[in-house]
Amino acid sequence: MVENTVEKTSNLELNWARIEKKWRKKWTENRIFESDIEPHKKKYFLTVAYPYPNSPQHVGHGRTYTLADVHARYKRMQNYNVLFPMGFHYTGTPIVSMSQRIKSNDIELIETFQQIYKIPSKIISSFKEPKKIARFFHEEIKQGMNEMGYSIDWRREFTTIDKGYSKFISWQFRNLRMKGLIVQGSHPVGWCPRDQNPVSQHDTVGDIEPELIEYVLVKFKFEDQYIIPTATLRPETIFGVTNLWINPDIKYVIALVNNEKWITTRDAAKKLEFLNFSVSIISEINGSELIGKSVLDQFRKESVPIFPASFVDPNNGTGIVMSVPAHSPYDYQALDDLSKNPDTLRKYDLMVDIVPKKIIHTDLFPSNDTSPAESIVTRYSIRDQNDPKLEEATNKLYSEEFHNGVLLPDIDLVGNQSVLKARETIRDKIIKQEIGTTMYELKNAVKCRCGASCVVKLLTNQWFINYGNANWKKLAYELIDNMEILPEEIRQEFTNVIDWLKERACARKIGLGTKLPWDNEWIIESLADSVIYMAYYPLSKYINNNIDPRKSENKILADDLNDSFFDYVLLGKNDAEAVAKDSKISLRLLEKIRNEFLYFYPVDSRHSGRDLVPNHLAFFIFNHAAIFGKDKWPKQIVVNGSVLTQGKKMSKSLGNIIPLRRAIGEYGADSIRLAILASAEILQDSDFSFDQVKAIRSKLFEIYRTISSHKNIFTTIQNSLDHNELEDAWISSRIQRLILETTTAIEKFRIREALHSILYLMDNDLQWYQKRKLAKNKPVHNNSLKDFFEVRIKLLSPFAPFFCEEIWGIMGNHSFISLSQWPEVNNSKISLKSEDNERLIQDTILDIQKITKVTKIIPKKIMIYTASEVKSKLYKKLLDKIHIQSVTNFGVIMKEFVNDNDVKDLVKRNPDLVKKMIDDILSESLEVRERRMNIDSFNELIPLQDSISLLISETGNDQLKVGIYSEDNNDKYDPKQKSEFARPYKPAIYIE
Ligand SMILES: [Zn+2]
């Protein structure tokens, strides 16, 4: 039971710290977030990427966790048995390298800890030991999560260096290896030359995942003794090569590469060395010295000239490229530029009479088109090779040819083949004939956290997970096709990643973590041991990692875990009795654990930041597809953007880090939660500011004050007979709409929209309702208001849980709002007519205000005329034309209506009215049009009559005379014949 005491407040502020402390204590004491099997309740298992405890939490870390918590709380209120657990990721090098920086007395790091996070010096010096760092920040992050109000079941907490977890990871790896998905061999990896270690997202500045591309190096022969290698991603275009491009302004080297004399950039020579080519540099040569000479294309046995081009990037490939002017817009444009540059032509004594050679057809251009590159350059109106649009044109053409291109029929070997197939054939042939080879390069510039620029290294004897395995990819696609991805627009990013993922190094020589079970020199790296750990949560509360004697019958020793245990519990393999005997675990307990896994798995929702799409989330998909049966595949992924401050990412160097716990201490958790969530839709980066936090805190206080001032409606019984007025029906209808719209928005994670409704739109409704009641001199204290407040606080509670628990108590409840029922829509209370009633009143008052403002009249009389019956008929017909038949053309509509007996007199007499009414309808939202379609008859006189009291109070003139007439009424007071201007939903107004 919850005790109902309200936190004392000053007149201006709630005591947030006390409120939060009180509810944290009550939640913990009553264990309301601990979930176990409840056979008759639907379960909902949601997880979020566990944190890496190598530094404290800042506000930026809060977004993903807060979203997951909102999700957990929302589902709990929908009567699901929600499991929301948390672990801590210790694996890998970041914690170790952090401790090395402390050991080497890194001033920047130490100052950050001291000044921003206020960590005592004594503790910082203990950080020389990696586990001390992990332990300290683990507790710090956990504390922050509690202070944020996350509804986590902490009994299941673990770290990735716990003994039980290591046993689980060993099982995972033996399993992958048995399926042939782990291979040893030579494969390229992103590499830090200084640390001599592979790098992945966790190790790089800005958390960038290194992306590898594979070039084919085509070897052109030069003066019989040299090789000029060009790097290309499109080896099939060798058939269209007309020349080579060399940058005349840079220095190249002649190097002995695997016993051939190669001409490349110095950079390329270095890159080749990391790829295990034997390389020694002999001499240098200027690019300009090669211009105008010819090379032999060994594939076609043809000679092609070398021309100069400034667009050739020395950092890319070998710094020499082959030119395919019919299919590469850059090549086409560079040739065009060159032919128009007499100085250069004269300087190198060049003759440029190249005819582009078309080899690929797509439907982008007609089949008689001779150069797709030329055509697209024309289409994009490109000036010269420095035109930025050239990049766009190139992407367009490459993508079209990649997906839809076919080689022309007369091309040797690959005629009529798709580009994709031809590319493979030609690549293989070039390599087999040894007139070419392959070269890997990083697609993006990546820096290691140590500051060194990363390269691609060909590692030998390295262990890899083979994400390139075709059957495995097929399963991964199947999994993702059956999975909900929110927001849906990011699905393509996932399929792209599944597409390009290949072998990935899965073990390192240094760092924390689990040893590779069959090769103890290696430690499983952090993006490999964090992909199926969600399956460990249902088990972890039973596993005792201490070596102490067994504490209770409900715990098992990590030492006793073996593969047959995991096979049984996670995959249902083996005979339970045999497993029990083998692992020294009682049969009863073993079955209990198995049942718990079966009950909670699969994962219903996985939350993560957008930066984890290309690695963690993709591996999560792959590994589930490999290890678990389809009924255990995860069902949903929710991806969110990051948090910025003043438009910038939080980083030490910018000095804009806001520690999460400090922000909570100053402003309260609920305001921080709302500010993080309300400022952007889910995939966008949200911009965090304390101004917004303060604005939200004032809004919450205002809600508190309003509800407090109506406190007695929750404790006394209201007489519902007093409340059958139009505005009562309307507010009831609005409440249902708000429940419906907010629920839909939350389901799709349109959180900003949901919060906008709860925090702001509901205020507008409340104010209108109060205004209407006040004008009629009737009490607002009634059941409608009670409903309104209850619904509002429930809708808000997943977002601002502390505040809402407190208000729930003020409302006289003795239970937790966290465990209350999510409001359900009562369709019988939705009244379309009510919505038009109040809308008409609002519009009419606004019109009157506009008139009095312009004419500066202080009104003594206001006459309002509603449209005639025939106009209403016409309106309905027009609505049907526009909304149902999608006809909006005035001429077309008139032609039909002049023959329509119902309205022909009116439309002939007044065609302008038809035009205006069409505009009226078009200016309404689809929702309003739909609503008006569904209302059979709408008598505007009723709401307008009902609003007289409000008209009087709005004008501030007690003596105001108000007349409301239909245009059809012959007794109306209408001295200026205004009534004929009345249109449906747009009454005419006369003021004197
Ligand atoms: Zn490094």
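As the structure is a prediction and not an experimental result, all values here were calculated from the model.

> I'd like to hear about unusual backbone geometry, residue by residue, with values.
Both trends apply: most residues other than glycine have a negative phi, and most peptide bonds are in trans. That bond from Leu486 to Pro487 is cis: its omega, -10 degrees, falls within 30 degrees of zero. Here Pro487 lies in the loop between strand 18 (484–486) and helix 15 (491–500). The residue after Tyr601, namely Pro602, is reached through a cis peptide bond having omega 10 degrees. Mapped onto the elements of the fold, Pro602 is located in the loop between helix 19 (587–600) and strand 24 (605–609). A positive phi angle, close to 75 degrees, is found at Asn79, a residue other than glycine.

> Kindly report on the packing of aromatic side chains, identifying the contributing residues and their values.
Aromatic rings considered in pairs are described by the distance between their centres and by the relative angle of their planes. On inspection of all chains with the given rule, the structure shows 54 aromatic pairs. Both rings, one in Phe714 and one in Phe789, keep their centres 6.3 Å apart while their planes meet at 45 degrees; by these two values the pair is tilted. Of this pair, Phe714 sits in the loop between helix 23 (690–709) and helix 24 (726–747) while Phe789 sits in helix 26 (residues 783–796); the two residues are 75 residues apart in sequence, bridging distant segments of the chain. Taken individually, Phe714 and Phe789 each receive the classification buried, so the pair is uniform in this respect. With a centroid separation of 6.0 Å and 70 degrees between ring planes, the pair formed by Phe788 and Phe789 is classed as edge-to-face. Accessibility classification places Phe788 together with Phe789 in one group, the buried group. The aromatic ring of Trp23 is capped on one face by Lys26, whose charged end is 5.6 Å from the ring centroid.

> I'd like a description of the nonpolar core, backed by residues and values.
Counting 143 residues, the largest nonpolar core has Phe84, Phe113, Leu796, Phe799, Phe803 and Leu874 as its most contacted members. Looking at which element gives the most residues to this core, the answer is helix 25 (residues 751–775), with 10 residues. Among residues more than four places away in sequence, those in contact with Phe84 are Leu46, Val48, Tyr65, Ala68, Asp69, Ala72, Tyr150, Ser151, Ile152 and Asp153. With 80 residues, the next largest nonpolar core counts Val531, Phe597, Val613 and Val639 among its residues.

> Hey, could you go over the pattern of salt bridges for me, with residue numbers and the actual values?
Applying the stated criterion across every chain yields a total of 77 salt bridges. Between Glu702 and Lys699 there is a salt bridge, with the nearest N and O atoms lying 3.6 Å from each other. Within this pair, Glu702 and its partner Lys699 are both found in helix 23, separated by three residues, close to a single helical turn. Judged by relative accessible area, Glu702 falls into the partly exposed class, the value being 33%. Under the relative-accessibility criterion, Lys699 is labelled buried at 10%. Ionic contacts of the salt-bridge type, sharing partners, join the residues Glu725, Glu727, Asp728, Arg772, Lys773, Lys776, Lys778, Glu838 and Asp946 into one network.

Criteria and cut-off values
Residues numbered from 1 in each chain as written. Predicted model: local features only at pLDDT ≥ 70, side-chain atom pairs only at ≥ 80, totals over all residues. Heavy atoms only, no water. Helix = DSSP H or I, 4+ residues; strand = E, 2+ residues; numbered from the N terminus. Phe/Tyr/Trp six-rings, centres within 6.5 Å; stacked < 30°, edge-to-face > 60°. Buried < 20%, exposed > 50% of the residue type's maximum accessible area, 1.4 Å probe, protein only. Lys NZ or Arg CZ within 6 Å of the ring centre and 35° of its normal. Core = buried A, V, L, I, M, F, W, Y, C linked by side-chain atoms within 4.5 Å. Contact = heavy atoms within 4.5 Å. Salt bridge = Lys/Arg side-chain N within 4 Å of Asp/Glu carboxyl O.

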